[in-house]
Amino acid sequence: MGKVSTYEDVINSFHSSFQDKVLIPESLEREWFLKAVGKYSYEIDPLNFDEELLEFDTKLDRYVIDTLGSIMKKFYQQRELSKVNKRISIVGKDLSVDGSNGSKTAAKSELEMVSQEVDEMLYKQTPTAYV
């Protein structure tokens, strides 16, 4: 049997989307990966992934691997936006300070961009009704 695609292939695609090295717990990455496989399997075409061998049952097209990586990035960006939104704001009787407004805008903008990219990638892979 020829080479099959692996968990590592998708993780490498996911990490290539960051300019700087980002430390993410492996268990969280694994969860995002499994959610991405589930989303793709439900919306486009079923993917068979062996969680013990950490590999798919076939060689995936590069665009599918990149789509899975982009879906993972969307989950990452959702978490980043949540983190920024939860940062402490100083609110007093006569004073309100929120030093993260720029961060909130940037995180929301990044999430919207990644979401649009994922939606476009999935749309391009959706089977036509004219098959």
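Data block above holds the structure.
A quick note: this is a predicted structure, and the numbers were derived from the prediction, not measured.

A. Representation of the side chain of Ser-5. With respect to the secondary-structure elements, Ser-5 resides in the segment before helix H1 (7-15). Look at Ser-5 and you get buried, because its relative accessible area is 0%. A polar side-chain atom of Ser-5 sits 2.7 Å from the main-chain amide nitrogen of Leu-60. Those residues in contact with Ser-5, other than ones at most four positions away along the chain, are Glu-55, Phe-56, Thr-58, Lys-59, Leu-60 and Ile-65.

B. Inspection of the packing of H1 against helix H3 (residues 62-85) at higher detail. Packing of H1 against H3 brings their axes to within 8 Å, and their N-to-C directions diverge by 60°. Classified by the angle their axes make, H1 and H3 are oblique. In this structure, H1 meets H3 at a crossing whose hand is right-handed. Facing Asp-9, Val-10, Ile-11, Ser-13 and Phe-14 of H1, the residues of H3 in contact are Arg-62, Ile-65, Asp-66, Leu-68, Gly-69, Met-72, Lys-73 and Tyr-76.

C. Spatial organisation of the packing of aromatic side chains. Throughout the structure, instances matching the rule amount to eight aromatic pairs. Plain terms: the ring middles of Trp-32 and Tyr-76 are 6.0 Å apart, the flat faces sit at 85° to each other, and that makes the pair edge-to-face. Residue Trp-32 is found in helix H2 (residues 26-43), and its partner Tyr-76 is found in helix H3; the two are separated by 44 residues along the sequence. A relative accessible area of 4% means that Trp-32 is categorised as buried. Joined through ring pairs, the aromatic side chains of Tyr-7, Phe-33, Phe-49 and Phe-56 make up one cluster. Directly above the ring of Phe-18 sits Lys-73, whose terminal nitrogen or CZ lies 5.1 Å from the centroid.

D. Spotlight on unusual backbone geometry. Notably, Leu-54 is not glycine yet its phi reads approximately 60°, a positive angle. Relative to the assigned elements, Leu-54 resides in the loop between strand E1 (49-50) and strand E2 (55-56). The class of Leu-54 is partly exposed, set by a relative accessible area of 26%.

The rules we used
Residues numbered from 1 in each chain as written. Predicted model: local features only at pLDDT ≥ 70, side-chain atom pairs only at ≥ 80, totals over all residues. Heavy atoms only, no water. Helix = DSSP H or I, 4+ residues; strand = E, 2+ residues; numbered from the N terminus. Buried < 20%, exposed > 50% of the residue type's maximum accessible area, 1.4 Å probe, protein only. Polar contact = N/O pair within 3.5 Å; in protein donor to acceptor, adjacent residues only side chain to side chain. Contact = heavy atoms within 4.5 Å. Axes fitted to C-alpha atoms, helices over the stretch in contact; angles between N-to-C directions. Parallel < 35°, antiparallel > 145°, perpendicular 65-115°, else oblique. Left-handed = near helix turned anticlockwise from the far one by under 90°. Phe/Tyr/Trp six-rings, centres within 6.5 Å; stacked < 30°, edge-to-face > 60°. Lys NZ or Arg CZ within 6 Å of the ring centre and 35° of its normal.

What is shown is where atoms sit, not what they do.
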